[in-house]
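Survey of secondary and tertiary structure
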Amino acid sequence: MDLQSELLKSIWYAFTSLDVEQSGKVSKSQLKVLSHNLYTALNIPHDPVALEEHFKDNNNGPVSNQGYMPYLNKYILAKATEGTFSKEIFDELCWTLTSKKNFKPSIQHGLCSQKDCFKLFCLFNLLSEDRYPLVIIQPELEYLLKKISCAMSLDWDGTLLEELLSQNVNLQDGMSVWEFLEHLSAGQLLRVESKEAFSLAVEDVFIEMYHNIIKKGYLLKKGHVRRNWQERWFVLKPSSLTYFVCEDLKEKKGEIPLEESCVVENLPDKEGRRCLFCVKTPNRTYEMSATNLKQRVDWVQAMQTVLRLRAEGKTSLHQELKLSRRKQRETLQRSHSNQSNNSEPIAVEASHHSTSEQQGETERLEQHIESIIQKQREVEAKRREEEKQEREKQQAIQIDLERQLEEAKEAKEKMTATLTEMEKEVQQQKKRIHELELTQLKLEEALNAQIHARLEEDRIRQDLESQLTEEQAKLAELLLRQSQLETPAVRSQDDTSTTTYPINQQPEESSQRNAEEVPVHESTFTAAPPSIQQPEESGQHNTEMLKHWTVQLNRLMKPIAPGDKVEHLPVKPTCPRKGQALTSTEFIAKVQTGVGQEKGNGYSPSPPQEEEE
C-alpha cells in the first residue's frame, strides 16, 4: 500500500468526525481548519486561496466527501513526500480529532490507556481492509493479537475471540476500530496478567510494525579506527542498519546503508569472540558479535530479508506480509467458490475434471501451507531446544560465577581481617616507636645536660688549677726572697740557740714548738726569737706579705670536690738539722705536713693567740 492510501485512512477518520449529522457533508469553515492542520502536519506550504477557488461554484452549502476528495488529492496528498514529515504526528492529529467524538469506552479505567489506544488505532489502520468504512477481519485481528501475546511471552488463546464472534454475528464480517478498542479494553480479546506488561507489549509491537523496524537489540561492534569492541544498540529497517549508544536512541553513532550489493556472512570465532558475522558494503566491512547462536541466526536472517526486499523494490516487510496473507485468503476463497458453483447436476460430468484439478490445487496449497507450518514448528522447536541448552549453559556459568564470587568474598574477608590485624600491629609499633623516640629525646637531653655539667666542671677545675699554679709560683718566689733576706739572721739565731739551750733539751722543745705551731702558719713568726721579730723595715713588709700568702695558700689547698686528692709538697719526716734551728723554708714545709696530718685525723685546732709583750 502506497503512502497516499495510508494517509487517506487517517484523514477519513478526521473527516467523519466533523460530520456531526452523519450526512456525508462538512461545512467549508471546518474543512479550512482541517486542511490547515493537514498542511502543518505534513510539512507542506499552505495555500489558503486554493480551497476557496476550488469550491467557488458551491458557496451556499457544505462540501461532501466526494467534493473534498479532488482538492485533497491535488493539493495535499500529491505534495506529501515520505521522509519530510513524521507520520506518527500526523496520525496523532487525526486521532485527536476523531477520538473525542467516537471513542467512549464503557469502562473508564480499562485495560488500554490513552497512549495504548492511539498505538492500537495506528496498528488497526495498518492491518485494516482497503475499503470504507474501515474494518479489520478475523485473520488480521488474530495476527495482531498473537503478536501482542508473543510480546508478553504468553501463548495465544483464541477461545475469547471465538466466543465473542459467536455471540455477536455482526462482528464476523469485520470489526471497526471503536469496537476493537472497546472489547480489548474490557478484556474480551486477551487474557492479560498485568496492565504494565500489556502496555510494554503494545509498545514493542507498535515500534516493530508501525515504525517498520524489522529487528532491534544489542550487539558488539568492532571499531574501524580503534580496533576495539563496543556494545551498541542496533535498529534494523528496510533501508539501513542504525546503531546507537543505548536503547534510548538519543546518541546516534552511525548508520550502515543496506543496498542490493551488500552481503551478510557468518565468521569463525576469533580474538576471544564468538557468534561473529559481518556486513560487507561497497565501502567497508562491519564486524559484529551476537550474544548466542540464536541471536546470530535471527540477525543474519533479518538482514537477508531486508536485502531481498531491497532487490524486489519493496519498502515495508509488514505490508508485504499483509499482502501475502491477503493473497492466500483470496486463493482459498476462489477455491471454495469454485467448489460451490460446480455442485450443479447439469455440469457434473463437464466440470469433474476441473473440480479435481481445483481440489488438487487446493490440496497442494494446503500441503504447502502445512509444510510451512510444520517447518515453522520445527524451527520453533529447534529454537526452544537451543534456548533451553543456552539457558542451562548460562545457569551453569552463573552457578560457577556465584561460587567464584563466594570464594572471592571469603578471600576478601580474610584479607580484611589480616589487614585489620596488621593495622593494629602497625599502630602498636608506631606507639612503641613514639615512646622510644620520647625516651631517646629524654636521654639525649640528660646526656647533653651531663656533658654540659662535665664541661663546666672541667672548665672550673682548669681555672682553679691555673690559679693554683699561679699562686704556687708566687709563693715560691716570695719564699725565695724571704729566704734570701732572712739567711744572716737565722744563722745568728742558730748560734745563740746552741749556746743558750743544752743539747739534750732541744728536740723536746722543738717538737713542743712544732705541735703548737701546726694549726696556723702565723705562729711561726710569733714564736720566733726577738731577733727575728725586729728586722729592718723591708723585712717586716716581706713578713706581712708572707703571712698573707700563706693564708691564701691554705685556703686554696682545700679540696674542691669529694674524692679529690691534695698534692702535698715533699717533706722530710725528720729534721735534717738536729740541735740546730730550722730554716724558714724547712719550717714552713714541716708546718704544712703537720696541718695535712691533722686534717686527715679530723682535727682542726683553732689558731693560737699571739703572745702579749
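Relevant structure appears above.
Residues numbered from 1 in each chain as written. Predicted model: local features only at pLDDT ≥ 70, side-chain atom pairs only at ≥ 80, totals over all residues. Heavy atoms only, no water.

When its secondary structure is counted, the protein shows 18 helices and 9 strands. Going through the 613 residues of the protein one by one, you find that 32% of them count as buried. Of the contacts made within the protein by residues no fewer than 6 positions apart, 61% connect residues no fewer than 24 positions apart. (Helix = DSSP H or I, 4+ residues; strand = E, 2+ residues; numbered from the N terminus. Buried < 20%, exposed > 50% of the residue type's maximum accessible area, 1.4 Å probe, protein only. Contact = heavy atoms within 4.5 Å.)

Let's shift gears to the pairing of strand β8 (residues 276–280). With respect to burial, β8 is a largely interior element, 4 of its 5 residues being buried. Alignment of strand β7 (residues 263–267) against β8, held across 5 bridges, turns out to be antiparallel. Counted as the bridge partner of Asn266 is Phe277 from β8. As defined by bridge partners, β8 adjoins strand β9 (residues 285–289) across 5 bridges and the pair is classed as antiparallel. Bridged to Leu276 within β9 is Ser289. Hairpin connection between β8 and β9: a loop of 4 residues separates the two successive antiparallel strands. (Pairing = 2+ DSSP bridges.)

Once that is clear, we can look at unusual backbone geometry. With omega at 0 degrees, the peptide bond leading from Tyr132 into Pro133 counts as cis. Among the secondary structure elements, Pro133 is positioned in the loop between α6 (114–127) and α7 (138–151). Backbone geometry places Cys275, a non-glycine residue, at a positive phi of 55 degrees. Its place among the elements puts Cys275 in the loop between β7 and β8.

Two measures define how a pair of helices packs: the angle their axes make with one another and the distance between the axes. One way to put it is that helix α1 (residues 3–18) packs onto α6 with a least axis distance of 9 Å and a crossing angle of 120 degrees. In this view, α1 runs oblique relative to α6, as classed from their interaxial angle. The element α1 and its partner α6 pack so that their crossing is right-handed. Residues Lys9, Ser10 and Tyr13 of α1 form the contact with α6, whose own contacting residues are Phe121, Phe124 and Asn125. (Axes fitted to C-alpha atoms, helices over the stretch in contact; angles between N-to-C directions. Parallel < 35°, antiparallel > 145°, perpendicular 65-115°, else oblique. Left-handed = near helix turned anticlockwise from the far one by under 90°.)

Glancing now at the packing of aromatic side chains. Counted under the stated rule, the structure contains 14 aromatic pairs. Judged by centre distance (5.4 Å) and plane angle (45 degrees), the rings of Trp12 and Tyr132 are tilted. Pair noted here: Trp12 is in helix α1 and Tyr132 is in the loop between α6 and α7, with a separation of 120 residues, a long-range link. Overall, Trp12 belongs to the partly exposed group, its relative accessible area being 24%. On the numbers, 4.8 Å between centres and 75 degrees between planes, the contact of Tyr218 with Trp233 is edge-to-face. Taken together, the positions of Tyr218 in strand β3 (residues 215–222) and Trp233 in strand β4 (residues 229–236) put the pair 15 residues apart, joining distant regions of the chain. Grouped by ring-pair contacts, the aromatic residues Trp12, Tyr13, Trp95, Phe103, Phe121, Tyr132 and Trp178 constitute a single cluster. When the ring centre of Trp299 is taken as reference, the NZ or CZ atom of Lys215 above it lies at 5.5 Å. Against the face of Tyr143 rests Arg325, its NZ or CZ located 3.8 Å from the ring centre. (Phe/Tyr/Trp six-rings, centres within 6.5 Å; stacked < 30°, edge-to-face > 60°. Lys NZ or Arg CZ within 6 Å of the ring centre and 35° of its normal.)

Its place among the elements puts Trp229 in strand β4. Take Trp229: its relative accessible area is 13%, and that puts it in the buried class. Every residue in contact with Trp229, bar those within four places of it in the chain, is listed here: Leu220, Lys221, Lys222, Glu271, Arg273, Leu276, Glu287, Met288 and Ser289.

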